[in-house]
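Fold and contact review
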Amino acid sequence: MPQATPKRIRNARKSIALVVKILSGKDIPVYMKGSSAYVRWNTDTLQADFVCIPVIADDASDLFLDAIEGFVDHEVGHIIHTDPLATIEATEISATVNMIRNSIEDPRIETEQRKLFIGSAKNLNNLSALFLERFIDPEVNKLNEEGCEDPLTWFSVLGVVCCRSWFGQTAFQEYMDENNLWKNLGDIPDAVTHITDKFPSAKSNWDSLDLAGQLKIALFGKDSKDEDEDEDTASDGTKGKGDESSETKEGSTEDSEEETEDSEEETEDSEEETEDSE
């Protein structure tokens, strides 16, 4: 794929913090590091402590820079539209419930962003294309090569895509349809239709949490528990309040879709926080 010009790369690095400030209306630090993105919430103030966006490499492609604008719009969407209290409660229930909640909350806040900022639609579409190409395609190819026929294994890979499809996001619906992936999920889609039909009606993070709880029961049974649930451990193995695709620290929770070179020390010091991730 075409490599971005050095000038575009420099401009992107310089503009991200300003764009976050303008769109969110808040002076929130923005860091770039690694390949993940998230908002870290302070559990005392219930305000965003900082936003992390993936690092922009010197040889970044035009496709990646297009997607970066989508990362920014997505994380700003969490700042504006996500109630961190629901994220905190989700992580206290279980890592699986929180992961499903995040998979529902993400398309919900993106829908709100498209209404609020007309230009965000193109950016979020670019992010979706990158996500499917970089993260979903390799996993789908791997399961196909292995000849996997277990619906729950397929759902562990396609769950985010399914949730976005059920929410009505065209790119994800087309991905499932064009690659004939629904058949790999067996009876799961039909068994949860009474829940997933409600996804587009979700109006808050609390609605996303409620639907996540229902979907977990439908998928795994009422008495199912995460392996680490008894230890009150987040999905990445750390105690506290975490979110899928997040780098959760103790006492923190994230909502997401990463940081600058000098941000690592701040990340380690954020102790009373909560994160939401993409």
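Here the structure is a predicted model, which is why all the values come from computation and not from measurement.

Here the focus is the packing of helix 3 (residues 84-93) against helix 4 (residues 95-116). Close contact between helix 3 and helix 4 brings their axes to 5 Å; oriented N to C, the two are set at 145°. The way helix 3 lies across helix 4 gives a crossing that is right-handed. Taken together, the residues of helix 4 that come into contact with helix 3 (itself represented by A86, T87, A90, T91 and I93) are V97, N98 and R101.

Right, let's get into the state of the cysteines. Under the criterion given, the structure shown has zero disulfides. Summary of cysteine pairing: C162 is not part of a disulfide, and the nearest cysteine sulfur, belonging to C163, is at 6.9 Å. In this structure C162 comes out as buried when scored by relative accessible area, which is 0%.

Quick look at unusual backbone geometry now. Even without being a glycine, L46 presents a positive backbone phi close to 60°. Looking at the secondary structure, you find L46 in the loop between strand 2 (38-42) and strand 3 (48-53). Here the phi dihedral of N180 falls at roughly 50°; this positive angle occurs in a residue that is not glycine. On the secondary structure map, N180 appears in the loop between helix 7 (170-178) and helix 8 (188-191).

As a further point, take the pairing of strand 3. For strand 3, the buried fraction is high: five of the six residues fall into the buried class. Where strand 2 folds back on strand 3, the antiparallel hairpin that results is connected by five residues, among which L46 adopts a positive phi of roughly 60°.

Tallying each qualifying case throughout the model produces seven salt bridges. Residue D62 is joined to R8 by a salt bridge in which the shortest nitrogen-to-oxygen separation is 2.9 Å. Of this pair, D62 sits in helix 2 (residues 62-81) while R8 sits in helix 1 (residues 6-24); the two residues are 54 residues apart in sequence, bridging distant segments of the chain. For D62, a relative accessible area of 26% gives the class partly exposed. According to the relative accessible area criterion, R8 is partly exposed, its value standing at 26%. In this structure, E112 engages K115 in a salt bridge whose closest nitrogen and oxygen atoms are separated by 3.5 Å.

Turning our eyes to something else, we now look at the environment of L23. Among the structural elements, L23 can be located in helix 1. A sequence separation of 93 residues divides L23 from L116, and the C-alpha atoms of the two residues are 9.8 Å apart. Excluding residues that lie within four positions of it along the chain, L23 makes contacts with D73, V76, I80 and F117.

Two numbers describe how helix 4 lies on helix 5 (residues 120-146): the axes approach to 8 Å, and their chain directions differ by 145°. Contacts from E110, Q113 and R114 of helix 4 reach helix 5 at S120, A121, L124 and N125. The residue inventory of the contact of helix 4 with helix 5, partitioned by class, reads two nonpolar, three polar and two charged.

What follows is about the packing of aromatic side chains. In the structure shown here, the tally under the stated rule is seven aromatic pairs. Ring pairs connect the aromatic residues F155, W166, W182 and F199, which therefore count as one cluster.

All right, on to the nonpolar core then. One finds L158 and F199 to be the most contacted residues of the largest nonpolar core, which totals 35 residues. Among the secondary structure elements, those contributing two or more residues to this core are helix 4, helix 5, helix 6 (151-167), helix 7 and helix 10 (205-220). In terms of residue count, the dominant contributor to this core is helix 6 (ten residues). When residues no more than four places from it in sequence are discounted, the contact partners of F199 are I104, C163, W166, F167, L211 and L215. Counting 26 residues, the second-largest nonpolar core is a separate cluster that includes M32, F64, V76 and L130.

Analysis parameters
- All residue numbers refer to position in the chain's written sequence, counted from 1.
- At least 70 in pLDDT is required for a residue's local features to be given in this predicted model, at least 80 for side-chain atom pairs to be given and counted, and no such filter applies to totals for whole chains, interfaces and linings, which use all residues.
- Water and hydrogen atoms play no part in the side-chain values, which are based on all heavy atoms of the structure.
- With axes taken as lines fitted to C-alpha atoms, and helix axes fitted only over the stretch in contact, angles between N-to-C directions fall between 0 and 180 degrees.
- Helix and strand definitions here come from DSSP, where helices need a minimum of 4 consecutive H or I residues and strands a minimum of 2 consecutive E residues; each element is numbered from the N-terminal end.
- By convention the crossing between two helices is left-handed if the near helix lies anticlockwise of the far one by an angle smaller than a right angle, and right-handed if it lies clockwise.
- The criterion used for residue contact is that any of the two residues' heavy atoms lie within 4.5 Å.
- Disulfide: a pair of cysteine sulfur atoms within 2.5 Å of each other.
- Only protein chains enter the accessibility calculation, which uses a 1.4 Å probe. A residue is then buried if its area is under 20% of the maximum for its type, exposed if over 50%, and partly exposed in between.
- Criterion used throughout: strands pair if DSSP finds at least two bridges between them.
- The salt bridge definition used is simple: a Lys or Arg side-chain nitrogen within 4 Å of an Asp or Glu carboxyl oxygen.
- Think of it as three bins: nonpolar holds Ala, Val, Leu, Ile, Met, Phe, Trp, Tyr, Cys and Pro, charged holds Asp, Glu, Lys and Arg, and polar takes everything else, Gly as well.
- Under the pairing criterion, centres of Phe, Tyr and Trp rings, with the six-membered ring standing for Trp, must be within 6.5 Å; the plane angle then separates stacked pairs below 30 degrees from edge-to-face pairs above 60, leaving the rest tilted.
- We define the nonpolar core as a collection of buried residues of types Ala, Val, Leu, Ile, Met, Phe, Trp, Tyr and Cys that are connected through side-chain atoms lying within 4.5 Å of one another.

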